[in-house]
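Here is what each chain is made of, one letter per residue.
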Amino acid sequence: MSRLFLLIAALLGLLATGLGAYGAHGLPGKVSPHLVDSFNTAVQYQFFHALALMAIGLWLMREQSRLLVAAGIAMILGMLGFSGSIYALVLLGSKGFGPITPMGGMTLMVGWGLLAVMAMVKGGERE
């Protein structure tokens, strides 16, 4: 699972780079400044969480843990829900994806919470 998470993290980072360039150079003038800001927020969140997913993949290389796997899955689903719904809103003009955004954000928070639990459970074992 660690290699899969590393691959997905790399691909999501690659995608975020391309989308960030589009948000900076191709999107302004096509949609409102508010939507450009929303798009750029989605790109930032995708970058941050792709890096977190990469860290999870590296951590999994050192030790296997269901908590880490659950955290990684939550990060992936959260990025799809949060950033993906914002991309759909901006690029497709579909407001139907709007309710998915907060659910994606909550899923990202679950991922971070699982990482905190992992740090508390496993972090104290080696001290």
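So, a few notes on the structure that sits alongside this text. Quantities reported herein were computed from a predicted structural model and do not represent experimental measurements. (Residues numbered from 1 in each chain as written. Predicted model: local features only at pLDDT ≥ 70, side-chain atom pairs only at ≥ 80, totals over all residues. Heavy atoms only, no water.)

Using the criterion set out here, one finds three aromatic pairs in the structure. Relative to F39, the ring of Y22 has its centre 6.3 Å away and its plane inclined at 70°; by these criteria the two rings are edge-to-face. A residue pair is termed long-range when its members are at least 10 positions apart, and Y22 in helix α1 (residues 2-25) and F39 in helix α2 (residues 33-62) qualify at 17 residues. Taking relative accessible area as the criterion, F39 reaches 0% and is therefore assigned buried. Their ring planes at 55° and their centres at 5.1 Å tell us that F39 and Y87 sit as a pair that is tilted. In this pair, F39 is assigned in helix α2 and Y87 in helix α3 (residues 66-92), connecting sequence segments 48 residues apart. Here a set of aromatic residues connected by ring pairs shows up, and it is made of Y22, F39 and Y87. (Phe/Tyr/Trp six-rings, centres within 6.5 Å; stacked < 30°, edge-to-face > 60°. Helix = DSSP H or I, 4+ residues; strand = E, 2+ residues; numbered from the N terminus. Buried < 20%, exposed > 50% of the residue type's maximum accessible area, 1.4 Å probe, protein only.)

Examined against the element boundaries, S65 turns out to sit in the loop between α2 and α3. For S65, a relative accessible area of 11% corresponds to the buried category. A polar contact is formed between the side chain of S65 and the backbone nitrogen of L67, at a distance of 3.1 Å. Leave out the neighbours within four places in its chain, and S65 touches L60 and M118. (Polar contact = N/O pair within 3.5 Å; in protein donor to acceptor, adjacent residues only side chain to side chain. Contact = heavy atoms within 4.5 Å.)

This part covers the packing of α1 against α3. Across the interface, α1 lies against α3 with an axial gap of 12 Å and an inter-helix angle of 20°. Regarding the angle of α1 to α3, the classification is roughly parallel. As for the relative orientation of α1 and α3, their crossing is left-handed in sense. Residue-level contacts link F5, I8, L12, L19 and Y22 of α1 to L68, V69, G72, I73, I76, M79, Y87 and L91 of α3. Taken together, the residues of the contact of α1 with α3 sort by class into twelve nonpolar, one polar and no charged. (Axes fitted to C-alpha atoms, helices over the stretch in contact; angles between N-to-C directions. Parallel < 35°, antiparallel > 145°, perpendicular 65-115°, else oblique. Left-handed = near helix turned anticlockwise from the far one by under 90°. Nonpolar A, V, L, I, M, F, W, Y, C, P; charged D, E, K, R; others polar.)

Examined against the element boundaries, Q46 turns out to sit in helix α2. Here Q46 falls in the buried class, since its relative accessible area comes to 3%. At 2.8 Å, the side chain of Q46 forms a polar contact with the backbone oxygen of L12. With near-sequence residues (within four places) excluded, Q46 lies in contact with L12, L15, A16, L19, M79, S83 and Y87.

Look at α3: 37 Å from first C-alpha to last across 27 residues, which is about the 39 Å you get at 1.5 Å a residue. A maximum bend of about 25° is found in α3 at G84. For α3, the capping residue at the N-terminal end is S65, with a side-chain oxygen 3.1 Å from the backbone nitrogen of L67. In the segment just after α3, G93 is the residue with positive phi, at about 70°. (Expected span 1.5 Å × (residues − 1). Bend = angle between axes of the 7 residues up to and from the residue.)

The subject of this paragraph is the environment of M118. Along the polypeptide, M118 turns up in helix α4 (residues 100-123). A relative accessible area of 0% places M118 in the buried class. Along the chain, M118 and T41 lie 77 residues apart, while their C-alpha atoms are 28 Å from each other.

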